[in-house]
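Analysis of the macromolecular model
In case you want the letters, here they are:
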Amino acid sequence: MSLTADAFYKASTGGLDLGQFSSALILTPFNYSHGHTYGIETGAEYSQGPWRAGLNFSYVRATEVGITSAQSEFPADELAYIDSHRIVLDHDQPFTVSTDASYTFNSKHTRLFSDFLFGSGLREGFANLGVLQP
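Below or above, wherever it landed, is the structure these notes cover. (Residues numbered from 1 in each chain as written. Predicted model: local features only at pLDDT ≥ 70, side-chain atom pairs only at ≥ 80, totals over all residues. Heavy atoms only, no water.)

Description of the overall build of the protein
For the record, the criterion: In this text, helices come from DSSP runs of H or I with a minimum length of four residues, and strands from runs of E with a minimum of two, each type numbered from the N-terminal end. We compute the radius of gyration over the C-alpha atoms and compare it with the globule rule, which gives 2.2 Å times the number of residues raised to the power 0.38. Only protein chains enter the accessibility calculation, which uses a 1.4 Å probe. A residue is then buried if its area is under 20% of the maximum for its type, exposed if over 50%, and partly exposed in between. By definition, residues are in contact when any of their heavy atoms lie within 4.5 Å. For accessible areas, the Shrake-Rupley method is used with a probe of radius 1.4 Å. Any residue's cover is judged against the shown protein chains and nothing else. By the counting rule applied here, Lys and Arg register as positive and Asp and Glu as negative, while His and the ends of each chain are not counted. In this description, the location of a charge corresponds to atom NZ of lysine, CZ of arginine, CG of aspartate or CD of glutamate.
Scanning the protein from N- to C-terminus turns up one helix and nine strands. For a compact globule of 134 residues, the expected C-alpha radius of gyration is about 14 Å, and the protein comes in at 20 Å, more than 25% above that figure. Considered along the principal axes of its C-alpha atoms, the protein spans approximately 65 × 30 × 25 Å. For the protein, buried positions account for 28% of its 134 residues. Restricting the contact set of the protein to residue pairs at least 6 apart, pairs at least 24 apart contribute 54%. Summed over its atoms, the accessible surface of the protein is roughly 8,700 Å², and 59% of this surface lies on carbon and sulfur atoms. Positive and negative side-chain charges of the protein, numbering 7 and 14 respectively, have mean locations separated by a distance of 12 Å.

The structure is reproduced here in structure tokens:
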């Protein structure tokens, strides 16, 4: 059995993001003034003979403040809010859990494999204050 744990922290300036500002599926790039991203990932793996199983858990938080480019794409109230509040990025999904298991049948490595992935939900709405269903 093996266990792993990783942690990280990143402070950024001029963070680049993409936004969809109309009904067209065209993404427009824009920059944030500054922000922080931090998180932890843990995992466990077990292997015995033909059996193998794994479990992973991660927590990540990515936040930014202030829009420094493409301000005309944002409604005035949302732009003012983002300038004075730390917002969670739209691609931030705080919790993710994944599991997998496999069984190897023969020396030719025929393998039956199954996995499961669950995420807590991405952000949506005004200044990304809402959360989509997991």
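There's plenty left to go through after this.
Let's talk about the pairing of strand β2 (residues 16-19)
As a reminder, the rule being used: Only when DSSP finds a minimum of two bridges between them are two strands counted as paired.
The alternating pattern of β2 places D17 and G19 on a buried face, while none of L16 and L18, on the opposite face, is buried. Note: β2 against strand β3 (residues 28-48), four bridges, orientation antiparallel. Paired with G19 across the bridge in β3 is T28.

What about the pairing of strand β7 (residues 111-119)?
One ladder, built from nine bridges, connects strand β6 (residues 95-104) with β7; its direction is antiparallel. Counterpart to V97 in the pairing with β7 is F118. Between β6 and β7, which pair antiparallel in sequence order, lie six residues; one of them, H109, sits at a positive phi of approximately 65°.

Re the packing of aromatic side chains
Each aromatic ring pair is described using two quantities: the centre-to-centre distance and the angle formed by the ring planes. Rules: A pair of Phe, Tyr and Trp rings is counted when the ring centres sit within 6.5 Å of each other, with Trp represented by its six-membered ring. The angle between the planes then sorts it: under 30 degrees is stacked, over 60 is edge-to-face, the rest tilted.
Inspection of the entire model under this criterion finds nine aromatic pairs. Members of the aromatic cluster, connected to one another through ring pairs, are F21, F30, Y32 and F74.

Overview of helix α1 (residues 76-84)
Counted only if it meets this: This arc is built from the directions going out from the helix axis to the C-beta atoms.
Along α1, the positions that sit buried rather than exposed are E78, L79 and I82. The buried residues of α1 occupy an angular sector of 100° when the element is viewed end-on, so they sit on one face. Structural note: α1 exposes A76, D77 and S84 on the side pointing more than 90 degrees away from its buried face.

As for the environment of L122
By secondary structure assignment, the location of L122 is in the loop between β7 and β8 (123-124). For the pair L122 and L132, spaced 10 residues apart in sequence, the C-alpha separation works out to 5.4 Å. Those residues in contact with L122 that lie beyond four places of it in its chain are D90, H91, D92, Q93, G130, V131 and L132.

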